[in-house]
Amino acid sequence: MNKNNSIRHILAVESGNWKKNFFLDKNSYSIGRNSTNSLIINHRVISRNHSSLIKVTYSSQKDSNQGENLFWIVDGDLKGNRSTNGIYVNGKQCLCHALKPGDVIFFGGIEVKAKYDIIDLETKTFFSTNPEKQVSIFTQETDNINNITLSLPIIKNQDLEKFELVAEGILIIDLESHKILTANSSYSEIVDYPFSDLISLTIEDLWVLEKDIIDYDLEIINNYNIAITKESIHRKKDGNLVYVLVHCNPVIYNNKKSLFVSVQNINNLKKIEDAIRFQTNHDSVSNLPNKRLFIEQLSLSLGYNKIKQDDLGIIKLRLNNWKDIIESLNIDSEGRLLQDVVKQIKNTLSAGDTMAKWSDDEYIIMIEEAKNNDKVDRIIKDILTNINKTWTRENQSFLMTVNFGVSIHPQDGNNIQELLKKASKALESSYHQSVNNYQYYSPSLIDEPRRLDKLVFETLQTQNLLVKYNPIINTQNLEFFTLNSTISIENDQEEKLTDVPILTTASAISLTSNLIYQWLNKIAEDIKTWEKNGIVAPSISIKILLSCLLDTIFVDSLVKIITEKKLMNLELDIICDREVFDLKLVEENLVKLKELGILFSLFDFDVVKFNELDNNKVKFTTLKISDSLTKDLEDNSPKRPLIYSIISLGNALNVKIIGEGINTETQRDILVNLGCEEMQGMLFSASLSGEEIINFCPSLPFEKVL
């Protein structure tokens, strides 16, 4: 089939009423309960690493526009470790299977299933219901081979010297015997085999992937002269495994049809991706799931719970006076104390229960099969027994108290928002009664005095949105080169609102366009004021939700606003509020903005989600380390390795790296030592109004208007 950007592979997973669609764009996916998996399914029948998907790309050697992708599903991980309960495709248990549109997969039983399909987004048609769309490259190549003798590349012995100059590993393999005929030193280094040992091996000795997949691909290459690209795992001489990206092409070598394989070592990249994926879903100190992962897990459990019709309990837990307790501790003692407290809490939970970190002093627990509240009562009392005692750290003793708020599905609500809100109300009621107390939600509890959406609505209605600017400084030459713009709500006495809560609330009440318009309008007014004072501002960044970039109508209106206000020197800081999204649609909408000269930046871990973007069409120029990571950063902070990984990834992608929320010299020095030199925060300047920027800039190298 012709390469077509509208053709997408999709895996639709469901359990009870819970359903989720995953677009399959990457070369490989891991599926399982473990939160480091690409596709996380937290269900009791699912193993920690239950199954894997691997994409194989077949390409015509005659016409680069001819190609197609095939996804294999494999039981367990790609290293050969099997799941406990297995996978079933179309009712038959298997270890691996080449997926076809319409295939139904059961993971470990009947409680979690998925359907694989291919969709044409342009025509909104699925291949499973339209078989005529399935024009295979193999059919076309068969016609070519039958009618025209395909001239394969010829590799001569004198060409082998050239392969030593190539950074990638090179192999030539006998298609019949599967023996290694020759290899360059780069491949020898990848697998730690000397050349003399390599040529005595077969690909089965080195390639770890399922034999069925290897045999299938070799047969395709032999019969159709088709090139193949896929991720794989190769076994080193010491038995350790290394992730690689392989490109396979049929060639003529020593007058015989052979397989030419180029091998790229992606082991370090996979490790960085795994580390970032883990940190995306976990708290860096306690290693507990974070809010985002917990909500995903709760969503799945609620979907299945509606079918089981069992009670499901949500416990919100607060460690009282936690900030006071840790204030006198060094960061190592603080981390160990938190880990010990978390361990005591987790010891009271069963295997099916889930605990996550909610905020600095709050945690949340999901209890399955919480009938008659007996299980919830027992868990809370056990936690109180384990936590409510005198703790000693650094020759200091203190008493730790705790409070709980509980909501129960389904009587307290049928959706996540209701259950979490009511658990929070119950927690506040519990705390106001006494410490070491717990409260179930009841309709008699007092409602919150004012809702966040009302604050945002009133602010936008009265056009009282405040816009300020944070200068970004190069710490080496102290030059000022760009501005982060921020928004806030005037006279907000209840809660200090940051950009993201305001953006997400505006999105929830369908006022995003209004918010962005007011934001950009204020920036345009400030720029005019600066120009009157002889100053041409540098680029200015604003934050925008990823979900907005999935709305073509919104993007078109954004293009119109930017054009009308002549704000071509903007950078969009994209906040990922979606775990799964149509990357191609995002790419199309980013191209519209790029054509105006708009730049794009990402935060922390989100760059991993966009690694499939076509860099020829759109490229992220900046990677920002958010203040959530730089906050309380010390020399021995456990955040340091994570920040270093992010900086290393940014350098590998050749993007600018900026640290945010830098308030102390210690934070600055740590980031500089880790390789980040451009920063923003109170250490350099407070947030400045448009008028204050005028007074701020004379000491800095702003461009002057002639």
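Residues numbered from 1 in each chain as written. Predicted model: local features only at pLDDT ≥ 70, side-chain atom pairs only at ≥ 80, totals over all residues. Heavy atoms only, no water.

### Re the packing of aromatic side chains
Centre distance and the angle of the planes are the two values used to describe a pair of aromatic rings. So the rule is basically this: The criterion for an aromatic pair is that two Phe, Tyr or Trp rings (for Trp, the six-membered ring) have centres within 6.5 Å, with stacked assigned to planes under 30 degrees apart, edge-to-face to planes over 60 apart and tilted to the rest. Put simply, DSSP H or I for four residues or longer makes a helix, DSSP E for two residues or longer makes a strand, and each gets a number counted from the N terminus. Charges are assigned to positions over rings by a cutoff of 6 Å between ring centre and Lys NZ or Arg CZ, combined with an angular limit of 35 degrees from the ring normal.
Tallying each qualifying case throughout the model produces six aromatic pairs. On the numbers, 6.2 Å between centres and 85 degrees between planes, the contact of phenylalanine 294 with tryptophan 358 is edge-to-face. Of the two residues, phenylalanine 294 is situated in helix α8 (residues 291-308) and tryptophan 358 in the loop between β20 (354-357) and β21 (362-367); the sequence distance between them amounts to 64 residues. The residue whose ring lies beneath lysine 291 is tryptophan 358, and the NZ or CZ to ring-centre distance is 5.0 Å.

### Here we look at the pairing of strand β33 (residues 656-659)
How we decide: Only strands that DSSP links by at least two bridges are regarded as paired with each other. Looking down the strands as they point away from the viewer, one classifies a crossover as right-handed if the path from the first strand across the helix to the second runs clockwise.
The pairing of strand β32 (residues 622-625) with β33 spans four bridges and is classified as parallel. The residue bridging threonine 622 from the neighbouring strand is lysine 656, located in β33. Of the strand pairs in this sheet, β33 and strand β34 (residues 678-679) are connected by two bridges, and their pairing is parallel. Its bridge partner being in β34, isoleucine 658 is matched across the sheet by glutamate 678. At this point the chain moves from β33, through helix α20 (residues 665-674), to the parallel β34, and the crossover so formed is right-handed.

### Structural notes on the sheet that holds strand β26 (residues 465-474)
Strands pair in a sheet through their backbones, by hydrogen bonds, and they do so in one of two ways: parallel or antiparallel. One closed barrel accounts for eight strands, arranged β26-β27-β29-β30-β31-β32-β33-β34; its pairing is mixed. The pairing of β26 with β34 spans two bridges and is antiparallel. Paired with asparagine 474 across the bridge in β34 is glutamate 678.

### Here's the deal with the confidence of the model for the chain
Should the pLDDT be low somewhere, the predicted coordinates at that spot are not to be read in detail. Our working rule: Confidence scores here are pLDDT values: one per residue, from the predictor, ranging 0 to 100. Note on contacts: a residue pair is in contact if any heavy atoms of the two residues lie within 4.5 Å.
Residues at a pLDDT of 70 or more form 90% of the chain, whose mean pLDDT is 85. The low-confidence segment residues 145-149 (pLDDT under 50) makes four contacts with residues lying over four places distant or belonging to another chain. Scored below 50 in pLDDT, residues 699-706 makes 20 contacts in the model with residues more than four places away or belonging to other chains.

### What about the environment of leucine 445?
Under the convention used in this document: The cut-offs for exposure are 20% and 50% of the maximum accessible area for each residue type, with area from a 1.4 Å probe on protein chains only; residues under the lower value are buried, those over the upper are exposed, and the others partly exposed.
The topology assignment puts leucine 445 in the loop between β25 (438-440) and α13 (452-462). Residue leucine 445 is classed as buried on the basis of its relative accessible area of 14%.

### Quick notes on the packing of helix α15 (residues 512-532) against helix α16 (residues 552-565)
Defined as follows: The angle between two axes is taken between their N-to-C directions and runs from 0 to 180 degrees, where each axis is a line fitted to C-alpha atoms and a helix contributes only its stretch in contact. Put simply, angles under 35 degrees are roughly parallel, angles over 145 are roughly antiparallel, angles from 65 to 115 are roughly perpendicular, and the rest are oblique. Should the near helix be turned anticlockwise from the far one by less than a right angle, the crossing is left-handed, and should it be turned clockwise, the crossing is right-handed. Residues were grouped as follows: Ala, Val, Leu, Ile, Met, Phe, Trp, Tyr, Cys and Pro as nonpolar; Asp, Glu, Lys and Arg as charged; and all remaining residues, including Gly, as polar.
The N-to-C vectors of α15 and α16 enclose an angle of 15 degrees; their axes lie 11 Å apart at closest approach. Overall, the two elements α15 and α16 adopt an arrangement that is roughly parallel. Considering the relative orientation of α15 and α16, their crossing is right-handed. Residues Thr512, Ser513, Ile516, Tyr517, Leu520, Asn521 and Ala524 of α15 touch α16, and the partners they reach there are Phe554, Ser557, Leu558, Ile561, Ile562 and Lys565. Class assignment of the residues belonging to the contact of α15 with α16 gives a composition of eight nonpolar, four polar and one charged.

### With respect to the sheet that holds β25
Spatially, β20-β21-β19-β24-β25 is the arrangement adopted by the five strands of the open sheet, whose pairing is mixed. This sheet does not close on itself; its edge strands, each paired only once, are β20 and β25. Looking at each pair of strands side by side, their axes are set apart by 20 degrees on average, direction ignored. Of the strands in this sheet, β19 (312-319), β21, β24 (402-409) and β25 are in contact with helix α11 (residues 374-387), which crosses β24 at around 165 degrees. The strands touched by helix α12 (residues 416-433) within the sheet are β19, β21, β24 and β25, with β24 carrying the most contacts at an inclination of about 145 degrees.

### Quick look at unusual backbone geometry
Here histidine 409 and proline 410 are connected by a cis peptide whose omega angle stands at 10 degrees. Of note, histidine 178 is a non-glycine position whose phi angle comes to about 70 degrees, a positive value. Unusually for a residue other than glycine, glutamine 463 sits at a positive phi of about 55 degrees. Following the sequence through the fold, glutamine 463 ends up in the loop between α13 and β26. Residue glutamine 463 is classed as exposed on the basis of its relative accessible area of 61%.

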